[in-house]
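One-letter residues, chain by chain:
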Amino acid sequence: MSKLAINGGTPVRETLLSPCWPGGRLYDEREAQAVYDVCMAKSPNRYSTQQKPGRVKTFEKGLAEFVGVNHALGVTSGTAAILVALKAAGIGPGDKVIVPACTFLASAGAVVCAGAVPVFCDVDDTLNLDPKKIGDVCDKYTKAIITVPLLGNPCQMDEIMAEAKKHNLIVIEDVAQSMGASLHGKKMGAWGDIAAFSMQMNKIITTGDGGAVVTNHEKMYERAVRYHDQGMFREKEGFLTNDATDVFIGQNYRMSELTGAVACVQLERIDGIISEMRRIKKILKDELSGIDGLTFKRVIDDEGDIGSALVMFLPTKEQTQFFIKAMMAENIVFDCQYGGRPVYMIPQIFHQKTVDASGFPFNQFDEKIVYTEDMCPVALDMMPRNAFTFIEPSMTDKDVEDIIKGVKKVCAEIL
Ligand SMILES: *Cc1c(COP(=O)(O)O)cnc(C)c1O
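The following refers to the structure shown.

## Notes on the overall build of the protein
Then, in step 1: When helices and strands are counted, the protein shows 11 helices and 12 strands.
Then, in step 2: Here the C-alpha atoms of the protein give a radius of gyration of 22 Å, agreeing with the 22 Å that 2.2 N^0.38 yields for 415 residues.
Then, in step 3: Across its three principal directions, the C-alpha atoms of the protein cover 75 × 55 × 40 Å.
Then, in step 4: Expressed as a percentage of the 415 residues in the protein, the buried residues total 57%.
Then, in step 5: Taking the intrachain contacts of the protein between residues at least 6 apart in sequence as the baseline, contacts between residues at least 24 apart amount to 73%.
Then, in step 6: For the protein, the computed accessible surface area is about 17,400 Å², with 53% contributed by carbon and sulfur atoms.

## With respect to the layout of surface pockets
Then, in step 1: Taken as a whole, the largest pocket encloses approximately 360 Å³ of empty space.
Then, in step 2: Taken together, 18 residues form the lining of the largest pocket, with C20, N202, K203, Y338 and F390 sitting closest to its centre.
Then, in step 3: Of the residues assigned to the lining of the largest pocket, the class counts are 11 nonpolar, 5 polar and 2 charged.

## As for the environment of G92
Then, in step 1: Mapped onto the secondary structure, G92 falls in the loop between α3 (78-88) and β2 (96-100).
Then, in step 2: Taking the C-alpha atoms as reference points, G92 and C264, separated by 172 residues in sequence, lie 33 Å from one another.
Then, in step 3: Apart from residues no more than four positions distant in its own chain, G92 is found in contact with K87, A114, G115 and A116.

## Here's the deal with the pattern of salt bridges
Then, in step 1: Applying the stated criterion across every chain, the model contains 28 salt bridges.
Then, in step 2: The partner of D125 in a salt bridge is R298, with the nearest N and O atoms 2.9 Å apart. Of the two residues, D125 is situated in the loop between β3 (117-121) and β4 (142-147) and R298 in the loop between β10 (295-296) and β11 (309-313); the sequence distance between them amounts to 173 residues.
Then, in step 3: Note on R298: relative accessible area 39%, which makes it partly exposed.
Then, in step 4: The partner of K398 in a salt bridge is D402, and the shortest N-O contact between them spans 2.7 Å.

Calculation criteria
- Residues numbered from 1 in each chain as written.
- Predicted model: local features only at pLDDT ≥ 70, side-chain atom pairs only at ≥ 80, totals over all residues.
- Heavy atoms only, no water.
- Helix = DSSP H or I, 4+ residues; strand = E, 2+ residues; numbered from the N terminus.
- Rg over C-alpha atoms; globule rule 2.2 N^0.38 Å.
- Buried < 20%, exposed > 50% of the residue type's maximum accessible area, 1.4 Å probe, protein only.
- Contact = heavy atoms within 4.5 Å.
- Areas by Shrake-Rupley, 256 points an atom, 1.4 Å probe, with all protein chains shown as cover.
- 1 Å grid on protein atoms, 1.4 Å probe; cavity = no way out; pocket = protein on both sides within 12 Å on 5 of 7 lines; lining within 4 Å.
- Points joined across faces, edges and corners; volume = space filled by probe spheres on them.
- Nonpolar A, V, L, I, M, F, W, Y, C, P; charged D, E, K, R; others polar.
- Salt bridge = Lys/Arg side-chain N within 4 Å of Asp/Glu carboxyl O.

As structure tokens, this is what we get:
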């Protein structure tokens, strides 16, 4: 057995296998040309573009078609997309919104920004929402649920939709990290009432920063457009419609044409990105299955997994931490998702620290909102034991072999 690099042996790779920009690493002349064209048309804003059709509009049409919904709206980030979706759905002060215990900070942060309060629902062994636990966290204030397919793995949307119906919840899908994932052939983002996507650097396709809201609801779409553009709804006649009964003060989360131009090109790449990630993930899983003590995260629909990450569990937190350090020493990037913590354990959420000191929005209820460490025991047990590596379409055969060699080498020593 060869000596681990962490103990002074020779690493599997000479240089670090860098992680995680599936769409970003594919940037080439096509993205550059698209931006150039916007510049030369002197058309950087979607509502005064000289390019017909506009780039943001074209991206929206393409994304709606890709997800299988009626409407898409480009916005400035994934976080903005969740906020716009919440406001489109009418969520605000005095409302509680269910958020999965395992997700990125923004899923809960956007709820607070919307003036509502997140309550946390435990996950199952997929690290996605456990539909059976939804009823336990509902009360008279609970208006909506945010579902989050983590790292390319679909959520149990069929059961979640049934539970949501039972408890009269609006379903908002946060598909930020899983564009293209599906269950029974229906895409994440097409199941709920409204959904959010991100195109930040680490996501499946990227514009550096950027996001989108998608929905089948006419009314929610109109409210999303208004909220993201100062309360206006300019598209119908090319300018503000004044007859609307649903007027309100909005914000500005408009996507620029420069972003839209890159988004169009990246969206053309997405099917190729996903099929390549899926091919690589299958090799990794085939080669690494059967190692005692190492399990893969359960995926509920293999056809609907976009293959953007290989997530594994080790028996203990200590072994997981050592495994990750040892893999890094072999020059293969592994990480423990979200530092091994449920999202509610992040200090500003746990202690309900908002930007101002008024106590809003946590003081809008009869009872005090309290978060406890053990409120989602499955998340608390499983999160510290996850170790994952990102998969990218630009990985070479040698990169893939190195991951396999590295995992086998380290596991042989520690498991
Ligand atoms: C990345 C991410 C977001 C935030 O997206 P940004 O574009 O970075 O604002 C929200 N939710 C989840 C689950 C994410 O992974």
